[in-house]
Amino acid sequence: MKKYTNMNDISNISEMVKEAILLKMNPYGYSEIGKNKTLVMLFFNSSLRTRLSTEKAAKNLGMDVMVLNVSDAWSLEFEDGTVMNMNTSEHIKEAAQVISQYADVIAVRAFPTLKDKAKDESEYILKSFVKYATVPVVNMESATAHPMQALADAITITELTDKPKPKVVLSWAPHPRALPQAVANSFVQMMQNLDVDFTITHPEGYELNKGIVKDTPINYNQEEALKDADFVYVKNWSSYNDYGKILSQDENWMMTKSKLGNAKFMHCLPVRRNVVVEDAVLDSESSVVIPQANNRTYAAQIVLKKILENL
Ligand code: CP
């Protein structure tokens, strides 16, 4: 593997999931592979799980880890040919090449603006690192994708299902803030690659990018969509068509124990209790959010292992 910026960088997803589950059974089995190798993690935005699980994954492989909150460094310029006489101090061309001299792998988290759709969709931050870095780049959630989360989600569903084709539903939920579509986008793409019966449910106006959803069924009736579900993945996202807008805060879309039925509840976390999902779900046996978060380590570890094997 040369990089992990989106799911297309995985050549065989079901094989990758199987390998991650094996790695989880023997997490220190490859502790020499990352010896004298360094992972530099760059955070343009906040994180709890991604930061700690990726560091743990790297350390399980014997890597050294350096973390930079980008707001602590010089402000970066991404435009070509700019006269840099305003607020930016360092161009990505120099920054990415310099960081590459300290790193064997660079991991980047950079969320969208949710104001400028074209700019967000260009993935200019992630793509600039891919362009100018001289080492492999890993996406720790970009403007439009969170492929590391999606890999952890696939591991979780694979581990917890005893059915050949479980029913999986992605359900929108209300949230007081405008959130990116990245988690939902990557989850949709991942489910399209697994042997699952997959449906998306959300209020009208919350359609995700058609180029990602393709022919995945959408049901605007949450109750109907949830019928006989084995896994319900709940996530808020802001409108894609009316870009970045909150169109609804309808609390009837919050996930409840009665709506969930016998399904397992999934969420990438962090989650707002009693807004996105009621306590009775999160505090029940039906919730798998804690093992799901644990799988972030093994998703990151299999990705880093495959990159290290290719250095
Ligand atoms: N799910 C996830 O990416 O969590 P963090 O934002 O805390 O990293």
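Per chain, the residues get numbers from 1 upward, laid out in the order the sequence is written. The predicted nature of this model means local features are confined to residues of pLDDT at least 70 and side-chain atom pairs, given and counted, to a pLDDT of 80 or more, with totals for whole chains, interfaces and linings taken over all residues. The basis for every side-chain value is the complete set of non-hydrogen atoms in the structure, without hydrogens or water.

> Explain the sheet that holds strand β10 (residues 231-235) to me, please; I cannot follow it from the model alone.
Remark on secondary structure: sheet strands pair via backbone hydrogen bonds, oriented parallel or antiparallel. We treat two strands as partners when DSSP finds at least two bridges between them. Strands are runs of DSSP state E lasting at least 2 residues, helices are runs of H or I lasting at least 4, and numbering of each runs from the N terminus. Strand order in this open sheet of five strands is β9-β8-β7-β10-β11, and the pairing throughout is parallel. Looking at the sheet topology across the chains shown, the edges are occupied by β9 (218-219) and β11 (264-266). Note that strand β8 (residues 197-201) and β9 share two bridges and pair parallel. Residue pairing for β9: Thr-201 is matched across the bridge by Asn-219.

> Any chance you could explain unusual backbone geometry here in plain terms?
A negative phi angle is the norm for most residues apart from glycine, just as the trans form is the norm for most peptide bonds. Residue Pro-270 is bonded to the preceding Leu-269 through a cis peptide linkage, with omega at 5°. Tracing the sequence through the fold places Pro-270 in the loop between β11 and α11 (279-282). The residue Glu-123 is not glycine, and still its phi comes out positive at about 50°. Structurally, Glu-123 can be placed in the loop between α4 (117-121) and α5 (124-132). Even without glycine at this site, Leu-269 takes up a positive phi of about 65°. With relative accessibility at 16%, the residue Leu-269 sits in the buried group. Exposure is judged per residue with a 1.4 Å probe applied to protein chains only, and the accessible area is read against the type maximum: over 50% gives exposed, under 20% gives buried, and values in between give partly exposed.

> Help me understand the nonpolar core in this model?
Nonpolar side chains in soluble globular proteins tend to end up buried together. Among the buried residues, those of types Ala, Val, Leu, Ile, Met, Phe, Trp, Tyr and Cys that are joined through side-chain atoms within 4.5 Å form a nonpolar core. By size, the foremost hydrophobic cluster in this structure holds 60 residues, and its most contacted members are Leu-39, Leu-151, Leu-170, Met-191, Phe-198 and Val-303. Contact criterion: two residues are considered in contact whenever any of their non-hydrogen atoms come within 4.5 Å of each other. Setting aside residues no more than four positions away along its own chain, Met-191 makes contact with Ile-157, Val-168, Val-196 and Phe-198. Counting residues in each nonpolar core, the second largest holds 20 residues, with Val-70, Leu-76, Ala-103 and Ala-110 among its members.

> Got a minute to help me understand the UniProt feature "binding site: N(2)-succinyl-L-ornithine" (unreviewed entry) in the protein chain in this structure?
With numbering matched to this structure, UniProt assigns "binding site: N(2)-succinyl-L-ornithine" (unreviewed entry) to Glu-141, His-175, Lys-235 and Arg-272. Relative to the assigned elements, His-175 resides in the loop between β7 (167-172) and α7 (182-192). With sequence-adjacent residues up to four places away left out, His-175 is seen in contact with Asn-236, Ile-246, Gln-249, Arg-272, Val-275 and Val-276. Following the sequence through the fold, Arg-272 ends up in the loop between β11 and α11. When near neighbours in sequence (up to four residues on either side) are disregarded, Arg-272 contacts His-175, Pro-176, Arg-177 and Val-277. UniProt positions are given in the numbering used here, feature names are shortened, and annotations may be inferred rather than shown by experiment.

> Teacher, can you tell me more about the pairing of strand β1 (residues 38-43) here?
Side-chain direction in a regular strand flips from residue to residue, so the side chains alternate between the two faces of the sheet. With six of six residues buried, β1 is to be regarded as a mostly interior element. Burial along β1 is two-sided: Thr-38, Val-40 and Leu-42 and Leu-39, Met-41 and Phe-43, pointing in opposite directions, are all buried. Examined bridge by bridge, β1 and strand β2 (residues 64-69) share six bridges and lie parallel to one another. Of the residues in β2, the one forming a bridge with Phe-43 is Asn-69. Seen with its strands pointing away from the viewer, a crossover is right-handed if its path from the first strand over the helix to the second goes clockwise. The parallel pair β1 and β2, bridged by helix α2 (residues 49-60), forms a crossover whose chirality is right-handed. Bridge count for β1 against strand β5 (residues 105-109) is five bridges, and the pairing is parallel. When the bridges of β5 are listed, Leu-39 appears paired with Val-105.

> Would you mind going over the packing of aromatic side chains with me for this structure?
To describe a pair of aromatic rings, one takes the distance between the centres and the angle between the planes. Each Phe, Tyr or Trp ring (for Trp, its six-membered ring) is paired with any other whose centre lies within 6.5 Å, and the angle between the two planes then decides the class: stacked below 30 degrees, edge-to-face above 60, tilted in between. A complete count under the given rule lists eight aromatic pairs for this structure. With a centroid separation of 4.5 Å and an interplanar angle of 40°, the aromatic rings of Trp-172 and Tyr-206 are classed as tilted. Of the two residues, Trp-172 is situated in strand β7 and Tyr-206 in the loop between β8 and α8 (210-213); the sequence distance between them amounts to 34 residues. Given a relative accessible area of 0%, Trp-172 falls into the buried group. Arranged with centres 5.8 Å apart and planes meeting at 75°, the rings of Phe-187 and Phe-198 form a pair that is edge-to-face. With Phe-187 in helix α7 and Phe-198 in strand β8, the pair connects residues that are 11 residues apart, well separated along the chain. The same class applies to Phe-187 as to Phe-198, namely buried.

> Can you help me understand the sheet that holds β2 in this one?
Across the sheet, which stays open at both edges, the four strands sit in the order β2-β1-β5-β6 with parallel pairing between neighbours. The open sheet terminates on both sides in strands that have one partner only, identified here as β2 and β6 (137-139). Averaged over all neighbouring strand pairs, the angle between strand axes comes to 20°, with direction disregarded. On top of the sheet, helix α3 (residues 92-102) reaches β1, β2 and β5; it is set at about 145° to β1, its chief contact. Between N-to-C directions, angles span 0 to 180 degrees; the directions come from axes that are lines fitted to C-alpha atoms, helices contributing only their stretch in contact.

> Sorry if this is basic, but what is going on with the pattern of salt bridges here?
Side chains that differ in sign of charge can pair as their charged atoms come close. Each salt bridge in this description consists of a side-chain nitrogen of Lys or Arg and a carboxyl oxygen of Asp or Glu lying within 4 Å of one another. Under the defined criterion, the tally for this structure stands at 12 salt bridges. A salt bridge links Asp-283 to Arg-273; the nearest nitrogen and oxygen atoms lie 2.9 Å apart. Of this pair, Asp-283 sits in the loop between α11 and α12 (289-309) while Arg-273 sits in the loop between β11 and α11, placing them 10 residues apart in sequence. Each of Arg-273, Asp-279 and Asp-283 takes part in salt bridges that share partners, so that together they form one network.

> What should I look at first to understand the packing of helix α1 (residues 13-25) against helix α6 (residues 147-160) in this one?
Packing of α1 against α6 leaves a shortest axis separation of 10 Å and a crossing angle of 75°. When the axes of α1 and α6 are compared, the pair comes out roughly perpendicular. Here Met-16, Val-17, Ala-20, Ile-21 and Lys-24 of α1 come into contact with α6, specifically with Leu-151, Ala-154, Ile-155, Thr-158 and Glu-159. Angles below 35 degrees are treated as roughly parallel, those above 145 as roughly antiparallel, those between 65 and 115 as roughly perpendicular, and all remaining angles as oblique.

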